[in-house]
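Residues per chain are reported as follows:
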Amino acid sequence: MTGRLIVAYCITWALVHWFAYPNLDPYNDMLENFAWAQTFEWGTFKHPPVFVWVVQGWFAVMPHNALAYKLLSYLNVAVGLWGVAQLARQLGLGRYAPAAVLLLMWTLPYTTLAAKFNANAILLSVWPWTAVAWLASLRQTGRPGLVASLWLGGLGALCLLSKYYSGVFLLALFLAALLRRDGLQWFRSPRPYLALLTLFVGLLPHAWWLWHNDFPTLRYAMDQGAGHMDWRAILHFAITPLTFGLVAWISVVLVFTWQATGAVPGRSGLQRLGSGLVQWPRLALLSWRPQSWDDTLFWLAMLPGGLTLLAGLGELAELSSPWAIPTIFALPLLWLRNLSLATAPRAVRPAPADADARLAPVTARSLGALESAAWPVLVGVVLVGLALTVEQAYKGRRSYYEANEPAAELMAADWQRRHPDVPLGWTGGEWAENAMIAFFVSDRVRALPGMPNEWPTTLAPHPNWVNEGGLLICPRGPVKGPQLYEASNCEVDAQEWLERAGLPIQPRWVTAARSGWRFPQPMEFAWVVYDVLPGAATTQLSSLSPRGKRIKG
């Protein structure tokens, strides 16, 4: 059931999200990923490169449209959910795997938030599998243990090359190993050191790239906020994991409470309800309780978020709620195991590490009730998605009507009409919205982060830009009738750059709108574009000295 459930949910969520939100994310993270993926690098000026490589590989074979991108987003979710199912089996909780996967499908990180594929979302898939490899390295000896350690080191490197924040997760695995009864034996074996060596080898190319380029990714990470304590951010982060999984947690506690109170023969409905009101708070608290100091599942569920909170309290980082996205992967397993133990009669209560051996009647009924809800809930997702689509379409939501795709097609066609003998080779201006032509029209057009001879473009330069036609693109947003023109920051930067280059400043307005049966109330959007032609201006352009201008965000 687990495999079919994962496939069905992920395909359904991809289709529903694409139908309700026809565009990519409003912050242009996904366009940014694609723009970085136009060249192979060992890093970017913001993040390590793994999620960029994934985008690069995906769009080497898939069409360049929003639906294909959202399929990638939920394929990433599917890989993570399979990892959680395997983790359940490693922990001796295999019977709970379908319910744990289902509960994760009722959380925000694995549904709505997962649609935006970026450096946070990629951790949904790599963290669970790293935990699986860690457990295998701990428990297996001989050749299987060495192979598992190689996997652990490789996946650990993959975690850090996805986002440096994964260092918190790897530290959590190290501390959890110290707390295990067999942890000392593991540390006395060659397995953890083989894993550590493999991790370092996997990081070497990225480390060389950082050193060669003056550590841009590390500088960006440090610029995001360290050295000051923000109590509001700390409190917000502390409750974020529960907020993300609130529906799943309340559902599983209610199901176990209802099944536990129905186990007494002759009890009336009113008595059952009263007993449930008494039992629910107790079970809600017990669902979070560790079973012992070496409770591996508890530490997997709680340490990543707990260590992040300590980093915020120690003023090592300014906490951000998206960091909590990958931290909840083990929570449903913790809830299920604890509720199973709390509702089982003592005579048949299994050890926490041997929960697959037998299931108490309450647990069996609860798991059956949860699993039977899978398909009705999926139908509900489709219905809610359709209702949201209608609401957005008829209320004219900007995120629904954003017209990047038709605008990109219009800009490319207009360039070809005006300059039939000069192919469009690159786009600059507003990062990363200027990548819309590269994504929607032709990936032969290189999207540059700003101006072609300035930082951060110079980190992964486009050497031939002086011999190619270019287009500087600046968004103006929705067209709301006649309004006083005031140049945006992007336009000011573009005009200053053109002036220094000795090029004419000739802004052109481009307007575009979505059309078709899905868009009953078309909303027009505008962009200002500037041509950069090769030839006469080549000398001036190539003599411009790069400025040390950096992009934050």
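Residues numbered from 1 in each chain as written. Predicted model: local features only at pLDDT ≥ 70, side-chain atom pairs only at ≥ 80, totals over all residues. Heavy atoms only, no water.

Asks: Explain the overall build of the protein to me, please; I cannot follow it from the model alone.
Replies: The helix and strand inventory of the protein stands at 23 helices and five strands. Over its C-alpha trace the protein gives a radius of gyration of 27 Å, about what one expects of a compact globule, namely 24 Å for 553 residues. Within the span of the protein, comprising 553 residues, buried residues form 54% of the whole. Long-range contacts, defined here as pairs at least 24 residues apart, represent 77% of the contacts in the protein between residues at least 6 apart. Put simply, the protein has 41 plus and 33 minus side-chain charges, and the middle of one group is 14 Å from the middle of the other. (Helix = DSSP H or I, 4+ residues; strand = E, 2+ residues; numbered from the N terminus. Rg over C-alpha atoms; globule rule 2.2 N^0.38 Å. Buried < 20%, exposed > 50% of the residue type's maximum accessible area, 1.4 Å probe, protein only. Contact = heavy atoms within 4.5 Å. Lys, Arg positive; Asp, Glu negative; His and termini not counted. Charge placed at Lys NZ, Arg CZ, Asp CG, Glu CD.)

Asks: Please clarify how the state of the cysteines should be interpreted in this entry.
Replies: The term disulfide refers to a covalent linkage connecting the sulfur atoms of a pair of cysteines. Evaluation of the coordinates by the stated rule reveals one disulfide. A disulfide bridge connects Cys474 with Cys490, and the sulfur atoms are separated by 2.1 Å. Disulfide Cys474 to Cys490: torsion about the S-S bond roughly -75°, handedness left-handed. Of this pair, Cys474 sits in strand β3 (residues 469–478) while Cys490 sits in helix α22 (residues 489–501), and the two are 16 residues apart along the sequence. The residues Cys474 and Cys490 share a single accessibility class, namely buried. For Cys10, which is in no disulfide, the shortest distance to another cysteine sulfur is to Cys159 and amounts to 19 Å. Given the relative accessible area of 8%, Cys10 is considered buried. Residue classification places Cys159 among the buried positions, given a relative accessible area of 0%. (Disulfide = S-S within 2.5 Å.)

Asks: Looking at this structure, I do not really get empty space enclosed by the protein. What am I missing?
Replies: Any empty space left between the atoms is revealed when a probe the size of a water molecule rolls over them. For the coordinates displayed, the defined rule picks out two cavities of 30 Å³ or more. By volume, the largest cavity amounts to about 170 Å³. Taken together, the elements giving at least two residues each to the lining of the largest cavity come down to α2 (29–36) and β2 (446–447). Within this model, the second largest cavity holds a volume of roughly 30 Å³. Lining the second largest cavity, in full, are Tyr9, Cys10, Trp13, Tyr74, Val77, Leu81, Met105 and Tyr110. (1 Å grid on protein atoms, 1.4 Å probe; cavity = no way out; pocket = protein on both sides within 12 Å on 5 of 7 lines; lining within 4 Å. Points joined across faces, edges and corners; volume = space filled by probe spheres on them.)

Asks: Any chance you could explain the pairing of strand β1 (residues 424–429) here in plain terms?
Replies: The side chains of a regular strand alternate, residue by residue, between the two faces of the sheet. In terms of burial, β1 is a largely internal element, six of the six residues being buried. The pairing of β1 with β3 spans five bridges and is parallel. Within the sheet, the bridge partner assigned to Leu424 lies in β3 and is Gly469. (Pairing = 2+ DSSP bridges.)

Asks: Any chance you could explain the layout of surface pockets here in plain terms?
Replies: For the second largest pocket, the calculated volume is near 370 Å³. Along its surface, the second largest pocket is lined by 15 residues, and Leu170, Phe174, Pro192, Leu196 and Leu199 are the ones closest to its centre. For the lining of the second largest pocket, the secondary structure elements donating two or more residues are α7 (142–162), α8 (166–179), α9 (183–187) and α10 (191–212). In terms of residue count, α10 provides more of the lining of the second largest pocket than any other element does, five residues in total. Of the residues assigned to the lining of the second largest pocket, the class counts are 13 nonpolar, two polar and no charged. (Nonpolar A, V, L, I, M, F, W, Y, C, P; charged D, E, K, R; others polar.)

Asks: Looking at this model, I keep getting lost on the pattern of salt bridges. Mind explaining?
Replies: Here the idea is simple: oppositely charged side chains can pair when their charged atoms come close. With the rule as written, the count across this model stands at 17 salt bridges. For Lys116, the salt bridge identified is with Asp29, shortest N-O distance 3.6 Å. Placement of the pair is Lys116 in the loop between α5 (97–104) and α6 (123–139) and Asp29 in helix α2, with a sequence separation of 87 residues. The class for Lys116 is partly exposed, based on a relative accessible area of 25%. With its nearest N and O atoms 2.4 Å apart, the salt bridge here joins Glu391 to Arg397. (Salt bridge = Lys/Arg side-chain N within 4 Å of Asp/Glu carboxyl O.)

Asks: I tried to follow helix α15 (residues 296–313) on my own but got confused; where do I start?
Replies: The first and last C-alpha atoms of α15 sit 25 Å apart over 18 residues, in line with the 26 Å expected at 1.5 Å per residue. Taking the largest bend as the criterion, α15 deviates by roughly 40°, centred on Met302, and proline Pro304 comes between one and four positions later. Taken across its 18 residues, α15 has 13 buried, putting it largely inside the fold. (Expected span 1.5 Å × (residues − 1). Bend = angle between axes of the 7 residues up to and from the residue.)

Asks: Help me out: how do you make sense of the side chain of Thr308 in this one?
Replies: Relative to the helices and strands, Thr308 resides in helix α15. Looking at Thr308, the relative accessible area reads 1%, which means it is buried. If sequence neighbours within four positions are ignored, Thr308 has contacts with Tyr165, Val168, Phe237, Leu319 and Trp323.

Asks: What am I meant to see in the confidence of the model for the protein here?
Replies: As a general rule, the predicted coordinates of low-pLDDT regions are not to be interpreted in detail. In this model, the protein carries a mean pLDDT of 90, and residues with pLDDT of at least 70 account for 91%. Under a pLDDT of 50 for its full length, residues 543–553 has, in the predicted model, 29 contacts with residues more than four places off or in other chains. (pLDDT = per-residue confidence, 0-100.)

Asks: It is not clear to me how unusual backbone geometry should be interpreted in this structure. Could you clarify?
Replies: Residues other than glycine predominantly adopt negative phi, and peptide bonds predominantly adopt the trans conformation. Cis peptide bonds are those with omega within 30 degrees of zero, and the linkage from Trp431 to Ala432 qualifies with 5°. Within the secondary structure layout, Ala432 lies in the loop between β1 and α21 (436–440). Between Trp455 and the following residue, Pro456, the backbone shows a cis peptide bond with an omega angle of 5°. Looking at the secondary structure, you find Pro456 in the loop between β2 and β3. Backbone geometry at Asn28 places phi at a positive 65°, although glycine is not the residue there. For Asn28, the location among the structural elements is in the loop between α1 (2–20) and α2. A residue is classified by how much of its surface remains accessible, and Asn28, at 14% relative accessible area, is buried.

Asks: How do you make sense of the sheet that holds strand β5 (residues 524–532) when you look at a structure like this?
Replies: By definition, the strands of a sheet pair up through backbone hydrogen bonds, in either a parallel or an antiparallel sense. In spatial order, the strands read β2-β1-β3-β5-β4; together these five strands make up an open sheet with mixed pairing. Each of the sheet's edge strands pairs with one partner strand only, and the pair in question is β2 and β4 (508–513). Here β4 runs beside β5; their pairing, made up of six bridges, is antiparallel. Among the inter-strand pairings, Ala512 is bridged to a residue of β5, identified as Phe525. The sheet contacts of helix α20 (residues 404–418) involve β1, β3, β4 and β5, and relative to β4 the element is tilted by about 140°. (Axes fitted to C-alpha atoms, helices over the stretch in contact; angles between N-to-C directions.)

Asks: What is the right way to read a nonpolar patch on the surface from this model?
Replies: Residues Val7, Ile11, Leu15, Leu75, Val79, Trp82 and Trp129 make up a contiguous nonpolar surface patch of about 570 Å² in total accessible area. Looking at the nonpolar patch, the elements with two or more residues in it are α1 and α4 (66–90). By secondary structure assignment, the location of Ile11 is in helix α1. Since its relative accessible area comes to 45%, Ile11 is described here as partly exposed. (Patch = residues over 30% accessible without salt bridge, like charges linked within 9 Å, V, L, I, M, F, W, Y side chains within 5 Å. Areas by Shrake-Rupley, 256 points an atom, 1.4 Å probe, with all protein chains shown as cover.)

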